[in-house]
Amino acid sequence: MEGVAIAVTPATELAKCAANPIVRHIGYLFRYKKYVNDLHRKVEDNLLRLENDVNGKVNLAQNNGDVIHQVVQNWLEKVDKVRDEVEKMSRQAEEMNSCFEGWLSARYRLGKDSKKKIVMVYKLVTEGRSFSSVSNPAPVPPRVVEHFDAFASREATKKEIIQALMDDKTNLVGVYGLGGVGKTTLMKEICKQVEETKLFDKVVLATVSQNLDLRGIQAQIAESLGIRIEGESIEARAAKLSARLKQEKDILLILDDLWKRLELIDVGITLSGGGENICKVLITSRSLDVCNSMKTTENMKSTKNIEVKVLSNKDSLELFRQEVGDVDSDVLRNKFEEIANECDGLPLAIVTLARTLRNKDKRFWDAVIQQLKKSMCGGMSPVNASIKLSYDFLETSETKLCFLLCALFPEDHEITMYALVGYAMGEDLLGEVESLSEARGNLHIMVDTLVCSGLLLKGKNDEFFMMHDIVRDAAISIARENINESIMSAGLGLQKCPKLKEPGKCLRLSLMCNDIREVPADTPACSQLVTLSLASNRSLEEIPDGFFEGMKCLATLDLSGTDIKYLPQSLSSLNNCLRSLYLDYCIELQDISVIGNLKTLEILSLEGTMGILMLPEEISGLTNLKMLNLSYNHNLKCISPKVISSLSSLEELFMVGSFRGWEIEGTGNNASLAEVASLTNLTSLYLDVENEKWLSTDIGPCHHWEKLEKFNIRVGYFSTPESERYVALSTRLDSFPVAAWVNVLMGRTYYLRLEQCDGLKNVLQLNPKDRFYNLKSLYICYSGKMEYVVNVEEQVPESMFPNLEFLNLFRVNELKAIWNGPLLERSFEKLKVLSICLCGELVNVLPSLLWTRLQNLEQIEIEYCDKLEKVFESDGFEDGPASILKLRSIKLNSLDCLKSIWEGAVPLIRLESLKVLKVMSCPSLRSGYLFPSEAFAQSFQQLEVLIVEECNSFIKLIAEEAEGMEINSSPIFSNLKTLNISQCPGLKCIFPIRIFQGLLQLEELEVSNCNEMEELFEFEECQEEEDGSIAIRLPRLRILDVRNCPSLRSRYLFPSVAFAQRFQQLEKLTVYRCKSFIKLIAKEAEEMEIKSSIKFIALPPQPPIFSNLKKLQILKCNGLKYLFQIQILQGLLQLEELQVSDCDEMEELFEFEECQEEEDGSIAIRLPRLRILKLWELPRLTSFFSHRRKLPHVLLDCPSLETLHILECPNLKRLPFGPQSTPKLEEFDIENELFQGMEWDDPSGVYTTAPVR
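Bear in mind that the values here come from a model prediction, so they are computed numbers and not experimental data.

A. Just the environment of Glu-949, in detail. Tracing the backbone through its elements, the reader meets Glu-949 in strand 35 (residues 945–949). Each C-alpha atom, one on Glu-949 and one on Val-1007, is 9.9 Å from the other, the two residues being 58 residues apart in sequence. Ignoring any residue separated from it by four or fewer positions in sequence, one finds Glu-949 in contact with Val-919, Met-920, Ser-921, Asn-980, Ser-982, Gln-983 and Cys-984.

B. Structural context of helix 18 (residues 397–406). The element helix 18 is largely enclosed, with a buried count of seven among its ten residues. All buried positions along helix 18 are accounted for by Thr-399, Leu-401, Cys-402, Phe-403, Leu-404, Leu-405 and Cys-406.

C. Layout of the packing of aromatic side chains. Going through the model one piece at a time under the given rule, you end up with 30 aromatic pairs. Summarising the aromatic geometry, the rings of Phe-409 and Tyr-423 are spaced 5.3 Å apart at their centres and angled 50° between planes, so their arrangement reads as tilted. Placement of Phe-409 in the loop between helix 18 and strand 9 (415–416) and of Tyr-423 in helix 19 (residues 417–426) is noted, with a sequence separation of 14 residues between them. Looking at Phe-409, the relative accessible area reads 4%, which means it is buried. Judged by its relative accessible area of 1%, Tyr-423 is buried. Here the aromatic rings of Phe-1054 and Phe-1063 are separated by 5.1 Å at their centres, their planes lie at 70°, and the arrangement is edge-to-face. An aromatic cluster of at least three residues, connected via ring pairs, comprises Trp-902, Phe-931, Phe-936, Phe-940, Phe-973, Phe-991 and Phe-996. Lying across the ring of Tyr-391, Lys-400 places its NZ or CZ 5.6 Å from the centre.

D. Broad picture of the pairing of strand 21 (residues 652–655). Going residue by residue along strand 21, you find Glu-652 and Phe-654 tucked away on one face and Leu-653 and Met-655 tucked away on the opposite face as well. Relative to strand 21, strand 19 (residues 627–629) runs parallel, the two sharing three bridges. Opposite Met-627, over in strand 21, you have Glu-652 as the bridge partner. The pairing of strand 21 with strand 22 (residues 684–689) spans four bridges and is parallel. Across the sheet, Phe-654 pairs through a bridge with Tyr-686, a residue of strand 22.

E. Here's a closer look at the pattern of salt bridges. One pass over the structure, following the stated rule, counts 41 salt bridges. A salt bridge links Glu-1136 to Arg-1171; its shortest N-O distance comes to 3.6 Å. Here Glu-1136 is found in the loop between helix 29 (1126–1130) and strand 49 (1137–1141), whereas its partner Arg-1171 is found in the loop between strand 51 (1163–1166) and strand 52 (1172–1176), with 35 residues between them in sequence. A relative accessible area of 5% places Arg-1171 in the buried class. As a salt-bridge pair, Glu-1147 and Arg-1180 come within 3.1 Å of each other at their nearest N and O atoms.

F. Just the pairing of strand 35, in detail. With five of its five residues buried, strand 35 lies for the most part within the structure. Here strand 35 runs beside strand 37 (residues 978–982); their pairing, made up of five bridges, is parallel. By the bridge assignment, Ile-947 is partnered in strand 37 with Asn-980.

G. View of helix 17 (residues 382–392). Counting buried residues along helix 17, nine of its eleven residues qualify, which places the element largely inside the surrounding structure. Residues Pro-382, Val-383, Ala-385, Ser-386, Ile-387, Lys-388, Leu-389, Ser-390 and Tyr-391 constitute the buried set of helix 17.

H. Focus on empty space enclosed by the protein. Under the definition given, this model contains five cavities of 30 Å³ or more. Of the pockets and cavities examined, the second largest cavity occupies roughly 70 Å³. Around the second largest cavity, the lining residues are Leu-1005, Leu-1016, Phe-1017, Leu-1034, Leu-1040, Leu-1053, Phe-1054, Phe-1059 and Phe-1063. Counting residues per element, the ones that place at least two in the lining of the second largest cavity are strand 40 (1015–1018) and strand 43 (1052–1054). Partitioning the lining of the second largest cavity into residue classes produces nine nonpolar, no polar and no charged.

I. Spotlight on the side chain of Ser-939. In this fold, Ser-939 is placed in the loop between helix 25 (934–937) and strand 35. Those residues within four positions of Ser-939 in sequence are excluded, and the remaining contacts are Leu-911 and Glu-912.

J. Region of interest: the environment of Cys-291. For Cys-291, the position within the fold is in helix 11 (residues 288–293). When near neighbours in sequence (up to four residues on either side) are disregarded, Cys-291 contacts Gly-174, Val-175, Tyr-176, Ile-283, Ser-285 and Asn-305.

The rules we used
Residues numbered from 1 in each chain as written. Predicted model: local features only at pLDDT ≥ 70, side-chain atom pairs only at ≥ 80, totals over all residues. Heavy atoms only, no water. Helix = DSSP H or I, 4+ residues; strand = E, 2+ residues; numbered from the N terminus. Contact = heavy atoms within 4.5 Å. Buried < 20%, exposed > 50% of the residue type's maximum accessible area, 1.4 Å probe, protein only. Phe/Tyr/Trp six-rings, centres within 6.5 Å; stacked < 30°, edge-to-face > 60°. Lys NZ or Arg CZ within 6 Å of the ring centre and 35° of its normal. Pairing = 2+ DSSP bridges. Salt bridge = Lys/Arg side-chain N within 4 Å of Asp/Glu carboxyl O. 1 Å grid on protein atoms, 1.4 Å probe; cavity = no way out; pocket = protein on both sides within 12 Å on 5 of 7 lines; lining within 4 Å. Points joined across faces, edges and corners; volume = space filled by probe spheres on them. Nonpolar A, V, L, I, M, F, W, Y, C, P; charged D, E, K, R; others polar.

Right, here's the structure in full:
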């Protein structure tokens, strides 16, 4: 308690108000409507447009199986909330047309709230624009075996680690074991289990590696947390990460592969095992000493080390069987155990060796076994021996060299096909190929072979892969067998170039990812050097002019990520040998004219080299160039005419986020699109076009663009690329019909975005012939003149959009219907997601016959369509089997004229598949029920989320069956996890109690602002136990939130102690403005008052009630006398936050009854996790406990309490704390007068008066 600051709450806020300028307040009153309109406009023009863009990326990412950043999900939730609030404010502003009681205060409040909300909108827009990405690739599946935990010798280790993480006293866990024993795979399993069980709110995995790179570690953590920390000092990055980590309630950081002590504070990590923010760290290392070195004086007692031991013989044999595959020969099967035992229980060795033997004959097996024993007799470890064997038995020398090339990259580096293809071409690995596409195909074959052999690891997709650090070490060892042939010194922290003993023999030199500041001026003659990489040496600012003169065979040169300001003249000496040149992100480099001398150059990558202002004319001499990457060169403003067209061999041109000023031919001093069209060998084309006139301008013959495999063309709109075949068009001009080159692209596009295309009336104007055959995603927004997406009255193709999966329409103001005209075969047959927002003239979504074709539809979202009356249309459709079988989600929001949800849907949709149903702000619905009958509700067998908001007509969610109808006994909503009911003023109750009996999966129940609700669940005839009691179990309920339901008739939230015992998983309980409650839980004697004929089933001996409760909030419940009995309080061992405010009748917090006493007759109640305790505006509160007999004292022991607020509780005279009750208290906020008169249950615990505020 020492040093706790005691804050005094001001008696009034008048002084604050008086300090504000009067003019501002008058403005709130008389200009409220302008403020509201300004707010509405900013939300629609800025925030919703951005939200739709982000949503599009999220949908695409989810379709690819990626994991959405939590910060993006939180942002979307905030936007959703703000949008609803602003719509409500707009309606209120429209209704304030006459004077009424309180109109002055209402206008003032509305004006003031609007100004505040504008600031919030600005912050949300700024945050949304900062998202560089919305997702991370899904974690790579465990490399060693699919069912990792099937091995008993691993399961015990995993369980021990999980238990250590659950231990409140442990905040750092070290995991150590031999290289190749499976520590990284185990970490992925731990990560997966922790996320599934929600042991932590957030899990971050970062790889450290042998060369400690603080920036790299920080970047990995920042990416997982969804923040940007580029271009800052290590200290600034650490501070930013630290602040962000503290925003996470529970977070686990996994730092894989430590080789030496890491100062966590230097990264930005502060350990904590309890309190408000829990941050724990799990590290892996090959060395126990490294794990021990992480201990400090502060965390000595909170650190635990766990060894990952080798697999048992039984598990080793099982792993070998799984990886070697089917073996027909009994002779070979008899060798399983012999080979598995040779691997010493190391999974990496077992997997590598087994994959080498897969599908091979006996002679091959015998040769491998003989070689394995020979290697191990020579002192080689089992892991290295198995890797060496796998390498030796690769079938081609090209695949072997490809394997060694992968070791040129640093440890744990994510290698890309894009980078490796240049290295492979320089080494002549890819054979006599006619195109770069063919070369990439050959490289894919080699990489796949290495993956299947266990020598490489798969990455997030086919374009990425990695090499295990032990495999990389083995590859370097193999390379060293040919002395000086390959020098692989990447990522070692070198500050100087190593001296080469025999430079004339060196073929490959990799010094990437070091801290080299200079290279020698007198470079020895590396006459045989083929590959040289100095990439990612950011301190390297200069290369001497004569540096390359002795490198007559150099074919691949990588200088990416260096700070060189110019290219040395000796680069010209490579004019007859250099094939691949990488200069990515050389941000200081400006003059590249010397490159024009490199006549043999085939690959030139200048991505992100932002110092380049113009592409020099000398580049036109690169007639053998096949790939040119100029992407993200924002300062590139000039490309002279005829430079691009001179690159006649070019197959791949990348210019995203770069030069945009393509001229209409003959009108300026820049290159023309016609030059690009003249490149007949192109297979990949990524470029931006600023001049909208190009849409209707002919660029010459472009039929060869039909062989484009990848393209990204953005005209007038420069959003983030979404697909390998992406087109984005934006034009205010009347550019329709479009030129032939646009037609050609439309026939091959996967993802099409049309924004502010004012002259476009329907999409057939873009592609009248090819029917958008390949299109998978169509996004149309802000297109003011479009009345129909498809209008086939005049043009009748065979089908339209046969492969379309996503259709997103946003603010297409004049849209009357999506489809107009006769239905075409196969149209929309693969559609998965239909999203429509702010289409104010839309009356009909789709014609009835088209609905029947949507067999793959999974998701429907319709919002803010003011004239829409009905969603589904089945007129003329005969009853038969449902055609929409896969629908998973329906979201209907702010549809003012919607009269029916299910009318027309029943013949179409198989409701059994629906998982999410959200119905919000639909005031014109005619039915008094969301579900017209219980039989109908029973169709929703898979429903997991049900949200109903602002639906005025509902009096019940489910209508009662007609008299005489037999009710099926099958449970309703048996898979429901989330139930949220809000602002349904006519709703009397949620469900009958017998329906609650079936909600065994329910996790969240929130009910708010239902003014007429009388009962949460309606008591009636339902399933009983043999003794007549009611069996209600909500075994998974974690959140119960009941707000502003003033008409509830019950005096108790939980009608019995036995009933409350059912809520063992409850973590958060909030009760707000429920004036009928006098207690939260009725005692046994009070149960009879509730319903004399109902007895709630009592459970066998139970854990304490609410044993998992973490947060309890009771607000504005004016009838509440106290919370519950003191025995229940004793069981709240997980409680972290308790807030009670504005309960006018509350005299004590807890009712005292018989409970366990100490020897001196006192009672000690321990709440070990309580961090926050707030008591506000409780005018009758006299003490924490109601005493029925005199006790020496009742003490609360709160070792984690940090915040204590006691405000406007004038009659509270006693605090139940002793001198050691709250050792971590940091903030104690109480009125001075109340503090001075306070009595203490333990006189020795009196607080020293501190300065008041």
